[in-house]
Amino acid sequence: MLDMDKGTDYCQYSRRRDLLEVDSYDVTVAEHLGEIQLIKIEKRKYWYLDDWYLRYITVKTPIGDYLEFPCYRWITDEKEIVLRNGTAKLPRDDKIQILKQHRRKELEDRQKMYRWKEWHPGFPLSIDAHSHSDLPRDIQFDNEKGVDFILNYSKAMENLYVNRFMHMFQSSWSDFADFEKIFVRISNTISEYVMQHWKEDFMFGYQFLNGCNPVMIKRCTEIPKKFPVTTEMVECSLERNLTLEEEIKQGNVFIVDYEVLSGIDANKTDPCTIQYLTAPICLLYKNLENKIVPIAIQLSQASGPDNPIFFPSDSTYDWLMAKIWVRSSDFHVHQTVTHLLRTHLVCEVFSIAMFRQLPSVHPFFKLLVPHMRFTIAINTKAREQLICECGLFDKANATGGGGHVQMVQRAMKDLTYNSLCFPEAIKARGMDSKEDIPYYFYRDDGIKVWEAIRSFVEEVIGIYYESDEVVCEDVELQGFVKDVYVYGMKGNKTSGFPKTIKTREKLSEYLTVVIFTASGQHAAVNFGQYDWCSWIPNSPPTMRCPPPTEKGTVTIEKIVETLPDRGRSCWHLGAVWALSQFQENELFLGTYPDEHFVEKPVKLAMENFRKKLDEIVSFISERNKNKKLPYYYFSPDRIPNSVAV
């Protein structure tokens, strides 16, 4: 073992969180050391904060060969770090006892640092840390101020010039145009188009395909009994001279059901403002122009005389109010289920399991660690400031004050392994036909990114696993998969998450799920929030009057009275703006500046991956030319490697 005291061939370190200095060190050793298996780095503690971030060590041998020892970790206090050669090794590859011991000790130490904890009953388990500062130094943000939700939301409102309204709770806007006071300052192509067209049925339907929650719409195979729509009710919307049943058989009818919201407690944290939730059902129709448009909306789950079904033929304001309620419900499901549960919390499970079960020398630690960057940190910060009791989420959202917790608990039953496999999820909703549904860009672009990731993963697997037997024998890999199942999914068999993986084909799918969820899926449902939710009437975060129980009662005044007040509108706008921004020094899909892999075959696989991603970027860019509503959320140059915001 080569023992080095603060000396490395190349070292990047930080004396302060907000000041990075970079230095290189050359250390010459006179005597011949033989074959170097491990390098130990020790740091002495001084009176001031002097944490060092060590990138890697390069050793030049007497015959001129170079050995790389990747680190990419912080050295703190009086601690030491022991590094291995950068060549990835499976457990079966280690024959020397000292290497076996190093491998085992690294996991033992990590399992003490990365402990599971249940934040709320029924949730996937998360990291055992009360605050960001409690986390292991290696996974903390470089600059904690940059991810302070309170600071960022306040800055967003200041930058948006809406801070003068932020304390005006209970103060209603006068009309729709009045909302422009907090909107016009920074408009972009999509958000401005939404503002201009949000009332139109086409825009309403389009968002189910390519908005920031494009995962709810399903092909309708039969009308639910709880939603008794008949041909006579919607015949003025059907354009093919067919009955509703015939349209359904031809695949022209779609449904969106917000049942997960049924019975969820609305926010009661502000006694001066009563807030409301409902669980609507919406029927949509593909017209002769191949546009998806709404044809019927029921605002609660149980049909009855006080729960009328609304149609486009109803009065303008009745129909508009029904659509606004659907948009508000969609916002809640998007924030809590599609975004929080199915990307953030799931990826935290993958991340904790990776640190606990895969040592740094394992090829899949090297493969996955860029896609787990800052995920545990951002989730911990969210539990500390955003979604905690009395957190920022409570300020503007009707599902604040505990409703969002109930939603996650309820949505866990639908969190299955297959639902995270992108092609399977699309197919399960009956949305896989490009011919029948030609403008579903979320599906088309997502499949391209999924296939590019899977191809890359298969190349890497082929380098280290020559047979299915090698997969079965990899105890560390099996430990990773088991941790995800036992702790993340609470050992729930109905989740479909595997307890073990026995084939290379299943392994490639599993790792693709991990990387795709952390990168492409999160990008697709996160970074469009300002585009689609900044025009408040299009995505109200709360409603201040109950849904109508009869037709003919809705007026423009009633709609404005129902929509969020000035204060909540501003907090909502600050939130969707802040959440739509990339991190400073963001790393996008396929960008791997930390060279955990040193083998040429893997670096070649990375090059191939980047080429495929570049082709996708070019394809999406070309398609978006001259489009009034471009779709770019799956463009790889806009997909961060990990869930970090």
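Residues numbered from 1 in each chain as written. Predicted model: local features only at pLDDT ≥ 70, side-chain atom pairs only at ≥ 80, totals over all residues. Heavy atoms only, no water.

This brings us to unusual backbone geometry. With a phi close to 65 degrees, N290 is a non-glycine residue in the positive phi region. Relative to the helices and strands, N290 is located in the loop between β12 (281–286) and β13 (292–298). You can call N290 partly exposed: its relative accessible area is 29%. Of note in the backbone geometry, C390 takes a positive phi value of approximately 65 degrees without being a glycine. (Helix = DSSP H or I, 4+ residues; strand = E, 2+ residues; numbered from the N terminus. Buried < 20%, exposed > 50% of the residue type's maximum accessible area, 1.4 Å probe, protein only.)

By the definition in use, this model includes 33 salt bridges. The salt bridge involving D94 is made with R84; its shortest N-O contact spans 2.7 Å. Linking D94 in the loop between β7 (80–84) and α1 (97–113) with R84 in strand β7, this pair joins segments that are ten residues apart in sequence. The pair formed by D94 and R84 is uniform in burial state, with each residue classed as buried. Across the salt bridge formed by E509 and K506, the nearest N and O atoms sit 3.0 Å from each other. Of the two residues, E509 and K506 are both situated in helix α17 (residues 504–526); the distance of three residues between them amounts to about one turn of the helix. (Salt bridge = Lys/Arg side-chain N within 4 Å of Asp/Glu carboxyl O.)

This next bit is on a nonpolar patch on the surface. A cluster of nonpolar residues, V27, V29 and L33, forms a patch on the protein surface that exposes about 210 Å² of accessible area. Residue placement: L33 occurs in the loop between β3 (19–23) and β4 (38–42). (Patch = residues over 30% accessible without salt bridge, like charges linked within 9 Å, V, L, I, M, F, W, Y side chains within 5 Å. Areas by Shrake-Rupley, 256 points an atom, 1.4 Å probe, with all protein chains shown as cover.)

Following both chains from N to C, one finds helix α14 (residues 441–464) and α17 inclined at 135 degrees, their axes separated by 8 Å at the closest point. Between α14 and α17, the angle is such that the two are oblique. When the axes of α14 and α17 are compared, the crossing they make is right-handed. A breakdown of the residues in the contact of α14 with α17 according to their chemical character gives twelve nonpolar, five polar and five charged. (Axes fitted to C-alpha atoms, helices over the stretch in contact; angles between N-to-C directions. Parallel < 35°, antiparallel > 145°, perpendicular 65-115°, else oblique. Left-handed = near helix turned anticlockwise from the far one by under 90°. Nonpolar A, V, L, I, M, F, W, Y, C, P; charged D, E, K, R; others polar.)

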